[in-house]
Amino acid sequence: MSANTKPSAAGRVDAAPAPSDFIRDIVAADLAAGKHQRIVTRFPPEPNGYLHIGHAKSICLNFGIAREFGGVCNLRMDDTNPTKEEVEYVESIIEDVNWLVGGWADAHLGFKPKGRTPATVSSEGRPDFYQGPVWPPPQSEIRNPQSEVVEPFYASDYFDQLYEYALRLIRKGLAYVCDLSPEDTDKFRGSPDHPGQDSPFRHRTVEENLDLFARMKRGEFPDGRRTLRAKIDMASPNIWMRDPVLYRIRHTEHHHTGATWCIYPMYDFAHCLSDYLEGITHSICTLEFEVHRPLYDWILENLDLPRPLPHQFEFARLSLTYTVMSKRKLLQLVNEQLVTGWDDPRMPTISGFRRRGVPASALRAFAYHIGVTKYNGLTDVAVLEHAVRDELNRIVPRRLAVLRPLKIVITNLPEGHIEDLAAVNNPEDPAAGARAVPFSREVFIERDDFMENPPAKYFRLRPGGEVRLKYAYVIKCDAVVKDAAGNVVELRCTADLDSKTGGATANRKVKGTIHWVSAAHAVDAEVRLYDRLFTAPEPDATGDFKSCLNPHSLEVVTAKLEPSLREARPEQRYQFERLGYFVLDKDSNETTAGQPRLVFNRTITLKDTWAKEAQKR
RNA sequence: UGUCCGAUGGUGUAAUGGUAGCACAGAGGUCUUUGGAGCCUUUAGUCCAGGUUCAAAUCCUGGUCGGACAGCCA
């Protein structure tokens, strides 16, 4: 791990007072009432896509609660639909969760002994079956889910137990095998304002149901031929109580259970029971599952399980301006190559943010600031951007880099003049020290930092004007050199040789200070300048989110960097002074013609009040 | 003319019957060898109508507006 990413593990708000919200209030009250000895939450993604910042909100909530109340949060793959799930997603989820929670809540990250399932324990399906002498696993093993010792939880590890529970429901006359086609099942369900009608198969005998369900399991029927349904109430005002499907037939291999099963439980059946089996105390999900809660409770209650039972609580999912969040749309961006992949730095995925250079602590700070409620709002992406700048400003070293170089020659310096100047690594952190930056007669400055005919309030270089080269001299622009087409190609300047740090005129006040890189020492690098992916504040609301893709979301330039940046390693972050925050991309590992290649991603610009001023005109 | 849920500055949130506070964004200022950061100031809010109460953002009733739900997805 690099020196400059380490401090990012603990961010500013990680040490702030614990947040308070209606869910944490409930947890605290339950604890005070003695309902639970220990809080167990869970984060249950379906491995059918990469995790995005909406998941990050949920992760911070669930792991945050475990952390604040001394409990555990289980990472669980909600993998009950093999037709949509893949190991690639399982692996990315594990990596992303570890990254987000690492150094913050790792001691509360619930992995389980590898291979452990309800079938391998003999405690009658009691939720404590993971909590024997092997729990918790040694600290050193918790953080490495790839180890032989621990792994995340998988709903699919409960398939045997779930099947037993289904039999129990059948025997109680509370579930039946239904032969209705998918289309007819829909028709019989009715609509929100009209009751459904009973399936003609609703009154099969227990024996017949048991036989049919066993044959479903054995693979005697094709996909879609039959389902197992709960027998509740086809006239219920709640659609999800109208004899919901519990099991469906899918002759598909599963990424975790292989070819063992051809019937798979539905979410509603698997989820509440997975929670139960893991001893989850507070099952926290998003608002759209609110209408499912009666079913969640119905299943648990009708199985006559030993108490306590888990309870479901719902909060509002995250919506962000200038962002799409649905997995379907993100997948579409990936599949149609509108971005380079799930981890494209413009994606709102956790891996996208990581590659973009956003620290995990900034994502946590963001989650802290937006809070948790039941109100479906739209959060301004500026809140995220502020959290990112705030973290980065504190932890990241400064460097000098020029994105769009303009050469200047300092005519009163001798040919071959070279000197080392001391540059502060981080004004926010004196302990970060200083470094030497080479200075010479010819340097590059930013093209934007010179204007031949500047508007009012422009503080930078102009013909006949003065500006300070940061850490170096005050220079004066004597002459502008142009090519045949009239483009400015070079500036001839003179320096006030006494004006550098420690010199007689070091404290001279000049209006502007600009960054620079010595031409002879500059290192070339590809710099990818990212901007928001969408131009509309609510891409979803436009009806066609792809129509508002920002054509300028990526601009690539060849920049000139100070030579110390040659040592940068992937995921190392820097502030390029006056420009923004940048991170070395993994593509830097590639080599072109034997030459090491540096690729930086721009995480975010610095706040630019001049740009705002200029825009007013 | 279904069920469930929600509504506090522009945005996101706090106030749990007792001074409507915080953050982001905006405006202005200060400082500055980053037009960064910091610091200071400032604009702006309880959906509506009744009721209960000494006192209501909070409790009650009725509206209004918004969201979720009719996958063998999660």
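To keep things clear, this report deals only with the structure shown in the data block. In this text the structure is predicted, and so the values were computed from the model without any measurement.

What follows covers the packing of helix H2 (residues 53–68) against helix H12 (residues 360–370). Interaxial distance between H2 and H12 falls to 9 Å at its minimum, and their mutual angle equals 75°. What the angle tells us is that H2 and H12 run roughly perpendicular. Judged by residue contacts, Ile 53, Lys 57 and Cys 60 of H2 engage Leu 363, Arg 364, Phe 366, Ala 367 and Ile 370 from H12. Tallied by class, the residues present in the contact of H2 with H12 amount to six nonpolar, no polar and two charged.

Moving on: the protein's contact with RNA strand B. The local shell around RNA strand B holds 70 residues, among which Asp 25, Leu 180, Arg 398, Gln 575 and Arg 578 are the closest. Among the atoms of RNA strand B close to the protein, meaning within 4 Å, 65% are from sugar or phosphate groups. Here a sugar or linking oxygen of RNA strand B and a side-chain polar atom of Asn 393 are 3.0 Å apart. Contact distances for RNA strand B include 3.2 Å between a base oxygen and a backbone N or O atom of Thr 501. Counting residues per element, the ones that place at least two in the surface near RNA strand B are helix H6 (182–189), strand S9 (245–249), helix H13 (381–395) and helix H14 (609–616). Among the residues making up the surface near RNA strand B, the classes are represented as 24 nonpolar, 20 polar and 26 charged.

Another aspect to go through is the side chain of Asp 106. Along the chain, the position of Asp 106 falls in the loop between helix H3 (87–101) and strand S3 (109–110). At a separation of 2.8 Å, a polar atom in the side chain of Asp 106 contacts the main-chain amide nitrogen of Gly 103.

Let us now look at the packing of aromatic side chains. A full pass over the atoms with the stated rule returns 17 aromatic pairs. With a centroid separation of 6.0 Å and an interplanar angle of 55°, the aromatic rings of Tyr 163 and Trp 261 are classed as tilted. Of the two residues, Tyr 163 sits in helix H5 (residues 159–171) while Trp 261 sits in the loop between S9 and strand S10 (263–265), which places them 98 residues apart along the sequence. With respect to class, Tyr 163 is no different from Trp 261; both count as buried. Between Tyr 574 and Phe 600, the ring centres sit 6.3 Å apart and the planes meet at 70°, which makes this aromatic pair edge-to-face. Pair noted here: Tyr 574 is in strand S26 (residues 573–576) and Phe 600 is in strand S30 (residues 599–605), with a separation of 26 residues, a long-range link. Taking the relative accessible area as the measure of exposure, Tyr 574 reaches 5% and is therefore buried. An aromatic cluster is built from Phe 159, Tyr 163, Phe 213, Tyr 247, Trp 261, Tyr 264 and Phe 269, whose rings are joined through pairwise contacts. Between the NZ or CZ atom of Arg 354 and the centre of the ring of Trp 99, over which it lies, the distance is 5.3 Å. In this structure, Arg 532 is placed above the aromatic ring of Tyr 322, and the distance from its NZ or CZ to the ring centre is 4.0 Å.

Procedures and definitions
Residues numbered from 1 in each chain as written. Chains lettered and ligands numbered in written order. Predicted model: local features only at pLDDT ≥ 70, side-chain atom pairs only at ≥ 80, totals over all residues. Heavy atoms only, no water. Axes fitted to C-alpha atoms, helices over the stretch in contact; angles between N-to-C directions. Helix = DSSP H or I, 4+ residues; strand = E, 2+ residues; numbered from the N terminus. Parallel < 35°, antiparallel > 145°, perpendicular 65-115°, else oblique. Contact = heavy atoms within 4.5 Å. Nonpolar A, V, L, I, M, F, W, Y, C, P; charged D, E, K, R; others polar. Near = heavy atom within 4 Å. Polar contact = N/O pair within 3.5 Å; in protein donor to acceptor, adjacent residues only side chain to side chain. Phe/Tyr/Trp six-rings, centres within 6.5 Å; stacked < 30°, edge-to-face > 60°. Buried < 20%, exposed > 50% of the residue type's maximum accessible area, 1.4 Å probe, protein only. Lys NZ or Arg CZ within 6 Å of the ring centre and 35° of its normal.

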